[in-house]
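Observations on chain architecture
One letter stands for each residue in the lines below.
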Amino acid sequence: MSRSAHPAGPRHADVLTEGHYSAPPADLNALDGKVWARTVERGADGVVTVGGLPVTRLAEEFGTPAYILDESDFRARARAWRDAFGAGADVFYAGKAFLSRAVVRWLHEEGLNLDVCSGGELTTALAAGMPAGRIAFHGNNKSTDEIERAVAAGVGRIVLDSFQEIVRVAHIADRLGVRQRVQIRVTVGVEAHTHEFIATAHEDQKFGIALAGGQAAEAVRRALKLDGLELIGIHSHIGSQIFDMAGFEVAARRVVGLLAEVRDEHGVELPEIDLGGGLGIAYTSDDDPSEPHEIAEALRGIVGRECASAGLRTPRISVEPGRAIAGPTAFTLYEVGTVKPLDGLRTYVSVDGGMSDNIRTALYDAEYSVALVSRASDAEPLLVRVVGKHCESGDIVVRDAFLPADLAPGDLIAVPATGAYCRSMASNYNHVPRPPVVAVQDGSARVIVRRETEEDLLALDVG
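What you are looking at is a predicted structure, and each value in this text was computed from that prediction instead of being measured.

1. So, empty space enclosed by the protein
- On inspection of all chains with the given rule, the structure shows 3 cavities of 30 Å³ or more.
- Roughly 60 Å³ of volume is contained in the largest cavity.
- For the largest cavity, the lining is made up of 13 residues, of which W81, G276, G277, L279 and V319 are closest to its centre.
- The class makeup of the residues in the lining of the largest cavity is 9 nonpolar, 3 polar and 1 charged.

This is the structure in structure tokens:
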């Protein structure tokens with residue numbers, strides 16, 4: 001089960017030097033199924049299709065840039081996680097990866113729960129019909145209003161992130177006359193092999209209550225004393241885009257150690273343990289993600305062994321895949337605007353989007369793949385940097401990749417594995433409207449999040 005860490009950034013992984021790139025692929029027209037959504041293929045005419053629809057038609061109907069989401073793939077991945085863990089565990093889709101009312105309905109229909117971390121995500125979940133009891137509410141600084149809305153709605157669990165929040169949630173639950181189910185999020189001191197900004201279990205960061213120094217044990221003491229709270233378990237999340245299970249093993253051992261302390265001090269065996277999410281996906285052909293059934297088997301084994309060693313009953317396990325479900329199911333479709341060769345360096349390919357629809361390259365130095373999708377080409381490979389239209393030199397979509405040397409303005413190119421965090425983190429930098437999300441399935445396409453317009457931007461500007 002050991003996997004290499006994804007080279008997401010400079011702190012915890014190997015640093016890619018400027019101009020680092022692999023050798024060009026043997027066939028620039030090939031589409032690696034590990035990276036692309038499952039119904040994506042190149043047709044006999046050279047045009048790439050998804051869900052049976054050519055990207056040229058999608059571009060004509062919906063414009064570019066656009067996030068093109070393979071609904072069949074999304075649903076299949078959701079089912080795979082549900083089936084891998086079975087009835088004895090809970091799978092919460094991490095809504096921060098990408099959330100819309102359509103996605104909430106898909107999750108409900110496929111039997112998954114939902115993890116939200118803001119009032120806006122909670123509102124979307126409830127508006128789309130997700131039963132409140134299947135919602136978990138996260139966040140390191142939930143407002144009083146957000147907590148009250150969550151408790152009043154009857155969310156299945158609130159993940160407590162600080163000593164202040166323990167009291168805050170208990171007070172609101174008391175006032176509303178309910179006993180709120182909660183978990184305590186602990187930081188276990190694990191350095192996940194990922195970028196500094198998405199590593200979440202080392203002690204020097206904003207999330208959770210540290211195991212070190214007995215703080216987590218004190219949080220348990222306080223929660224158990226409050227009538228408005230029903231403490232159901234401990235939550236741990238070590239980071240994102242992780243391929244190596246070793247960090248989960250260390251985290252589980254330390255969380256189970258806390259469960260044993262709780263039993264010994266309070267005579268209570270907490271019934272649940274949430275190990276978070278963060279499992280990686282393939283952004284390039286070099287990435288080697290695990291399958292859900294492998295992850296489920298590994299996590300069950302880790303928790304089972306640690307509980308047996310501590311003399312504890314094995315608690316119910318929860319996991320929170322977000323990227324692992326949404327990420328591979330979508331690609332971003334762009335039109336090439338300019339092709340600018342720089343002698344002795346590379347060629348800059350500018351597209352009609354950029355950091356406003358994918359900030360991850362600028363933020364995390366994330367790596368992506370890219371392909372010419374509006375036609376096939378037998379031209380020689382050309383080293384390119386795909387950049388956006390924004391007024392920043394760091395506006396990079398794909399740092400180094402190979403595209404056909406006959407690439408020209410008007411061609412359509414696509415960047416796969418953009419289903420997670422790209423639309424969620426999109427912005428209006430330079431007053432550029434955000435792209436639509438188009439769901440494709442079985443030869444039909446529909447907009448599930450519409451394209452913003454300049455009129456939308458002006459509507460928010462009250463002068």
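Next, the rest of the story.
2. Topic: the packing of helix α2 (residues 71-85) against helix α9 (residues 292-310)
- Look at α2 against α9: their axes get within 8 Å of each other, and the N-to-C directions meet at 30°. What the angle tells us is that α2 and α9 run roughly parallel. Every pair of crossing elements has a handedness; the one defined by α2 and α9 is right-handed. Seen from α2, the contacting residues are A80, W81, A84 and F85; seen from α9, they are P292, H293, I295, A296, L299 and R300.

3. Points about the nonpolar core
- By size, the foremost hydrophobic cluster in this structure holds 111 residues, and its most contacted members are F85, Y93, I184 and I413.
- Of all the elements, helix α8 (residues 246-266) adds the most residues to this core, at 9 residues.
- Listed in part, the 23 residues of the second largest apolar core include V40, A371, L412 and V440.

4. Re the pairing of strand β9 (residues 180-187)
- Counting buried residues in β9 gives 7 out of 8 residues, a clear majority hidden from the surface.
- Inspection of the sheet shows strand β8 (residues 157-160) paired to β9 by 3 bridges, in the parallel sense. Across the sheet, the residue bridging to L160 is I184, located in β9.
- Each parallel crossover has a hand, and for β8 linked through helix α6 (residues 163-176) to β9 it is right-handed.
- Here β9 pairs with strand β10 (residues 209-210) via 2 bridges, running parallel.

5. Re the pattern of salt bridges
- Considering all chains together, one arrives at 30 salt bridges under this definition.
- Across the pair R157 and E272 runs a salt bridge whose closest N-O atoms are separated by 2.6 Å. Here E272 lies in strand β12 (residues 272-274) and R157 lies in strand β8, a separation of 115 residues in the sequence.
- A salt bridge links D400 to R346, with the shortest nitrogen-to-oxygen separation between them at 3.3 Å.

6. Re the side chain of R157
- On the basis of relative accessibility, which here comes to 3%, the residue R157 falls in the buried class.
- Side-chain polar atoms of R157 contact the side chain of E272, separated by 2.6 Å.
- Not counting the four nearest positions on each side in its chain, R157 is found in contact with D90, F92, I135, A136, F137, Q180, R181, Q183, I232, E272, D274 and S318.

7. A few points about the side chain of T418
- Along the chain, the position of T418 falls in the loop between β19 (412-416) and β20 (437-441).
- Here the side chain of T418 touches T332 through a polar contact of 2.8 Å, side chain to side chain.
- Ignoring anything within four residues of it in the chain, the contact list for T418 reads Y67, G327, A330, F331, T332, N358 and Y368.

8. Some words on the sheet that holds strand β2 (residues 48-50)
- The sheet built from 3 strands is open, its strands ordered β1-β2-β3 with antiparallel pairing. Strand pairing shows two members of the sheet lacking a second neighbour, β1 (41-42) and β3 (53-54), which therefore form its edges.
- Of the strand pairs in this sheet, β1 and β2 are connected by 2 bridges, and their pairing is antiparallel. When the bridges of β2 are listed, R42 appears paired with V48.

9. A few points about the pairing of β19
- Among the 5 residues that make up β19, 5 are buried, leaving the element largely enclosed by the rest of the structure.
- Burial of β19 is two-sided: the residues L412, A414 and P416 facing one way and the residues I413 and V415 facing the other way are all buried.
- As paired strands, strand β14 (residues 330-342) and β19 are joined by 5 bridges and run antiparallel to one another. Within β19, the residue paired with F331 across the bridge is P416.
- Bridge count for strand β16 (residues 371-372) against β19 is 2 bridges, and the pairing is antiparallel. Within the sheet, the bridge partner assigned to A371 lies in β19 and is A414.

10. Examining the confidence of the model for the protein chain
- In this model, the protein chain carries a mean pLDDT of 92, and residues with pLDDT of at least 70 account for 92%.
- Within the model, the stretch residues 1-19 combines pLDDT values under 50 with 53 contacts to residues more than four positions away or in other chains.
- For residues 193-202, every residue scores under 50 in pLDDT, and the model assigns this stretch 46 contacts once sequence neighbours within four places are set aside.

11. Regarding α9
- A rise of 1.5 Å per residue sets the reference length of α9, with its 19 residues, at 27 Å; its end C-alpha atoms lie 27 Å apart and thus fit the reference within 8%.
- Inspection of α9 places P292, I295, A296, A298, L299, I302, V303, E306 and C307 among the buried residues, and these make up the whole buried set.
- Those residues of α9 that are buried lie in contact with α2, α8, β12 and β13 (316-319).
- Note on α9: the residue one or two positions beyond its end, G311, has a positive phi of about 70°.

12. What to know about helix α3 (residues 101-110)
- When we look at burial in α3, the residues that qualify are A102, V103, V104, W106, L107 and E110.
- Count one or two residues on from α3 and you reach G111, which has phi positive near 85°.

Parameters at a glance
- Residues numbered from 1 in each chain as written.
- Predicted model: local features only at pLDDT ≥ 70, side-chain atom pairs only at ≥ 80, totals over all residues.
- Heavy atoms only, no water.
- 1 Å grid on protein atoms, 1.4 Å probe; cavity = no way out; pocket = protein on both sides within 12 Å on 5 of 7 lines; lining within 4 Å.
- Points joined across faces, edges and corners; volume = space filled by probe spheres on them.
- Nonpolar A, V, L, I, M, F, W, Y, C, P; charged D, E, K, R; others polar.
- Axes fitted to C-alpha atoms, helices over the stretch in contact; angles between N-to-C directions.
- Helix = DSSP H or I, 4+ residues; strand = E, 2+ residues; numbered from the N terminus.
- Parallel < 35°, antiparallel > 145°, perpendicular 65-115°, else oblique.
- Left-handed = near helix turned anticlockwise from the far one by under 90°.
- Contact = heavy atoms within 4.5 Å.
- Core = buried A, V, L, I, M, F, W, Y, C linked by side-chain atoms within 4.5 Å.
- Buried < 20%, exposed > 50% of the residue type's maximum accessible area, 1.4 Å probe, protein only.
- Pairing = 2+ DSSP bridges.
- Right-handed = clockwise from strand over helix to strand, strands pointing away.
- Salt bridge = Lys/Arg side-chain N within 4 Å of Asp/Glu carboxyl O.
- Polar contact = N/O pair within 3.5 Å; in protein donor to acceptor, adjacent residues only side chain to side chain.
- pLDDT = per-residue confidence, 0-100.
- Expected span 1.5 Å × (residues − 1).

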